[in-house]
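# Observations on chain architecture
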Amino acid sequence: TRFDQLEAGVNAGDWQTVRTVIRGPLGQMILDMRNLNRNLLTKDQKPAIETTRAIVTDFLALDQAAIDEDTTAAQKAFRAAQQDYMDYLKLVPQV
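Since we're looking at a predicted model, the values are computed, not measured. (Residues numbered from 1 in each chain as written. Predicted model: local features only at pLDDT ≥ 70, side-chain atom pairs only at ≥ 80, totals over all residues. Heavy atoms only, no water.)

## Things to note about the overall build of the chain
Per the secondary structure count, the chain includes 5 helices and 0 strands. Taken from the N to the C terminus, the helices and strands of the chain come in the order α-α-α-α-α. Taken against the 2.2 N^0.38 rule, which gives 12 Å for 95 residues, the C-alpha radius of gyration of the chain at 14 Å falls within 12% of a compact globule. When its C-alpha atoms are laid out on the principal axes, the chain stretches across 40 × 20 × 15 Å. Looking at the chain residue by residue over its 95 residues, the buried ones come to 33%. For the chain, the share of sequence-separated contacts (at least 6 apart) that also reach a separation of at least 24 residues comes to 64%. When the accessible surface of the chain is summed, it comes to about 5900 Å², and 52% of that surface belongs to carbon and sulfur atoms. When the 11 positive and 13 negative side-chain charges of the chain are each reduced to one mean point, those points stand 7 Å apart. (Helix = DSSP H or I, 4+ residues; strand = E, 2+ residues; numbered from the N terminus. Rg over C-alpha atoms; globule rule 2.2 N^0.38 Å. Buried < 20%, exposed > 50% of the residue type's maximum accessible area, 1.4 Å probe, protein only. Contact = heavy atoms within 4.5 Å. Areas by Shrake-Rupley, 256 points an atom, 1.4 Å probe, with all protein chains shown as cover. Lys, Arg positive; Asp, Glu negative; His and termini not counted. Charge placed at Lys NZ, Arg CZ, Asp CG, Glu CD.)

## Focus on the packing of aromatic side chains
All chains considered together, the criterion is met by 3 aromatic pairs. Judged by centre distance (6.4 Å) and plane angle (40°), the ring pair of Phe3 and Phe59 falls under tilted. Of this pair, Phe3 sits in helix α1 (residues 2–12) while Phe59 sits in helix α4 (residues 42–68), and the two are 56 residues apart along the sequence. According to the relative accessible area criterion, Phe59 is buried, its value standing at 5%. (Phe/Tyr/Trp six-rings, centres within 6.5 Å; stacked < 30°, edge-to-face > 60°.)

## Brief notes about the environment of Thr1
With respect to the secondary-structure elements, Thr1 resides in the segment before α1. The exposure class of Thr1 is exposed, given its relative accessible area of 71%. In this structure the C-alpha to C-alpha distance between Thr1 and Thr57, which are 56 residues apart in sequence, comes to 21 Å.

## Some words on α1
It helps to recall that an α-helix has 3.6 residues per turn; residues three or four apart then point in one direction. Here α1 has its buried residues at Phe3, Leu6, Gly9 and Val10. Relative to the axis of α1, the buried residues are bounded by an arc of 120° and lie together on one face. Looking at the buried positions of α1, the neighbouring elements they touch are α2 (15–23), α3 (25–38), α4 and α5 (71–91). Gly13 sits one or two positions beyond α1 and adopts a positive phi of about 70°. (Arc of directions from axis to C-beta.)

## Comments concerning the pattern of salt bridges
Considering all chains together, one arrives at 3 salt bridges under this definition. Here Asp63 makes a salt bridge to Arg19, at a shortest N to O gap of 2.8 Å. Of this pair, Asp63 sits in helix α4 while Arg19 sits in helix α2, and the two are 44 residues apart along the sequence. On the basis of relative accessibility, which here comes to 27%, the residue Arg19 falls in the partly exposed class. Among the charged side chains, a salt-bridge network with shared partners connects Arg19, Arg23 and Asp63. (Salt bridge = Lys/Arg side-chain N within 4 Å of Asp/Glu carboxyl O.)

Right, dumping it as structure tokens:
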């Protein structure tokens, strides 16, 4: 998965891969999540939107850690993004 690729980049200190994955496939994922959020039941939209925002914040922190070449901060931001993504999956209907 892209999260596996991102984690490998973080752990290897491959900052170019980290930034590319965030901006490319995971950036598209955020757009897809925003589109999905609009189609959820009204009562489900707010938590999904908040969780999507949390993931964006995590990706921004991860991007900054990559710019700074800070492995510790990158690992922390990755774990937060991964957890927020798992939380998001619990909010949306499974098909």
